[in-house]
Amino acid sequence: MNLRTARISAILLCLSAWIAPRAIHAQAAPLVVEVRTGASIPVGDFAGGAQVGEGVASGPSFGVRLAMSGSGRRTLFGGFSQHRFACEEAGCPVGSDFVATGVDAGIQVNLVTRGSIVPWLRFGGLTTRVESPGLSGSPEGVSSLGWGGEVGFGVYLGATSSVALNPGIRMVAVNTELPGGFVMNMRYVVADLGLALAF
């Protein structure tokens, strides 16, 4: 091993030792506040179907979550989120979006409890209302309250003792009734990045 390689190895070892306890500290904190932003990507008939409310395109996603540490590897979470889907191809007015707003709650399971990277799985339920700008076959308005579920995975990356990055991907399935009585079967993937603050 040459001197340069030894120095790089020593630096990486020090960084790993510095980051690891911070990732675990934030995960084990009594309360974590997380702000998330990313993209909502429709799949299945929601993306390519021809029925009322189908044939939408991707849009931005935003959310805020609170997490409370449970026993062992488990963490309880709940929060608010909003997802936008470009619906011009579905028959909406030009430049309009479906706006899906709701709350979710569930449980996160950390797959490891030691190390600089903490992978996790999340399982939860959610409620959603969709603001429709008006499209062929459905008047403008707000949908009924829809219910559904989500499953996701990601990794927790500690930056300091109280700040962490938390990228993740989750699959969401929720059904809601549009104005006019048409049921929208929403199936979409959310790929986003969270900034977590531990207290």
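The structure under discussion appears in the preceding block.
All values reported here derive from a predicted model rather than from experimental measurement. (Residues numbered from 1 in each chain as written. Predicted model: local features only at pLDDT ≥ 70, side-chain atom pairs only at ≥ 80, totals over all residues. Heavy atoms only, no water.)

### Describing the packing of aromatic side chains
Per the counting criterion, the structure on display carries 2 aromatic pairs. Taking 5.1 Å as the distance between ring centres and 70° as the angle between the ring planes, the aromatic pair formed by F46 and F85 counts as edge-to-face. With a gap of 39 residues between them, F46 in helix 2 (residues 45-48) and F85 in strand 3 (residues 74-86) connect regions that are remote in the sequence. No difference in accessibility class separates F46 from F85, as the two residues are buried. Taken together, a centroid distance of 5.1 Å and an interplanar angle of 65° make the contact between F85 and Y188 edge-to-face. Here F85 is found in strand 3, whereas its partner Y188 is found in strand 9 (residues 183-198), with 103 residues between them in sequence. (Phe/Tyr/Trp six-rings, centres within 6.5 Å; stacked < 30°, edge-to-face > 60°. Helix = DSSP H or I, 4+ residues; strand = E, 2+ residues; numbered from the N terminus. Buried < 20%, exposed > 50% of the residue type's maximum accessible area, 1.4 Å probe, protein only.)

### So, empty space enclosed by the protein
Once rolled over the atoms, a probe with the size of a water molecule shows which space is left empty. Inspection of every chain in the model, using the stated rule, returns 4 cavities of 30 Å³ or more. Its boundaries defined by the atoms lining it, the second largest cavity holds a volume of some 60 Å³. Around the second largest cavity sit 13 residues that line it, and R65, W120, R122, G152 and R170 are the ones nearest its centre. Only strand 5 (117-132), strand 7 (146-158) and strand 8 (163-177) provide two or more residues apiece to the lining of the second largest cavity. The biggest single contributor to the lining of the second largest cavity is strand 7, with 4 residues. (1 Å grid on protein atoms, 1.4 Å probe; cavity = no way out; pocket = protein on both sides within 12 Å on 5 of 7 lines; lining within 4 Å. Points joined across faces, edges and corners; volume = space filled by probe spheres on them.)

### A closer look at the nonpolar core
Counting 17 residues, the largest nonpolar core has F46, V56, F85, F98, M184, M186 and Y188 as its most contacted members. Looking at this core, the elements that each hand over two or more residues are strand 4 (97-110), strand 5, strand 8 and strand 9. Top element by residues in this core is strand 9. It accounts for 4 residues. Contact partners of F85, with chain neighbours within four places excluded, come to S40, P42, F46, V56, A57, S96, D97, F98, A100, M186 and Y188. In terms of nonpolar packing, the next biggest core, distinct from the first, is built from 9 residues, W120, Y156, A164 and A196 among them. (Core = buried A, V, L, I, M, F, W, Y, C linked by side-chain atoms within 4.5 Å. Contact = heavy atoms within 4.5 Å.)

### Let's talk about the pattern of salt bridges
Should their charged atoms come close, side chains of opposite charge can pair. Scanning all chains against the criterion turns up 7 salt bridges. A salt bridge links E34 to R36; the shortest N-O distance between them is 2.8 Å. Judged by its relative accessible area of 4%, E34 falls in the buried class. Owing to a relative accessible area of 4%, R36 belongs among the buried residues under this scheme. As a salt-bridge pair, R170 and D192 come within 3.0 Å of each other at their nearest N and O atoms. Taken together, the residues R170 in strand 8 and D192 in strand 9 connect sequence positions 22 residues apart. Within this structure, E34, R36, R65, D104, R122, E150, R170 and D192 form a network of salt bridges that share partners. (Salt bridge = Lys/Arg side-chain N within 4 Å of Asp/Glu carboxyl O.)

### Examining the environment of R187
Relative to the assigned elements, R187 resides in strand 9. C-alpha of R187 to C-alpha of I41: the two residues are 146 residues apart in sequence and 8.7 Å apart in space. Not counting chain neighbours up to four residues away, the residues in contact with R187 comprise P42, V43, F46, M171, V172, A173, V174 and N175. Reaching out from R187, the side chain makes a polar contact with the backbone oxygen of V174 at a distance of 3.5 Å. (Polar contact = N/O pair within 3.5 Å; in protein donor to acceptor, adjacent residues only side chain to side chain.)

### Focus: the environment of V35
With respect to the helices and strands, the residue V35 is situated in strand 1 (residues 31-42). When the C-alpha positions of V35 and V64 are compared, they lie 4.6 Å apart, and in sequence the two are 29 residues distant. The residues touching V35, leaving out its near neighbours within four places in the chain, are F62, G63, L193, G194 and L195.

### Points about a nonpolar patch on the surface
Taken together, L31, L66, M68, L76, L165, L193, L195, L197 and F199 make up a surface patch of nonpolar side chains, about 830 Å² in accessible area. Looking at the nonpolar patch, the elements that each hand over two or more residues are strand 2 (59-69) and strand 9. In terms of residue count, the dominant contributor to the nonpolar patch is strand 9 (3 residues). Look at L165 and you get partly exposed, because its relative accessible area is 38%. (Patch = residues over 30% accessible without salt bridge, like charges linked within 9 Å, V, L, I, M, F, W, Y side chains within 5 Å. Areas by Shrake-Rupley, 256 points an atom, 1.4 Å probe, with all protein chains shown as cover.)

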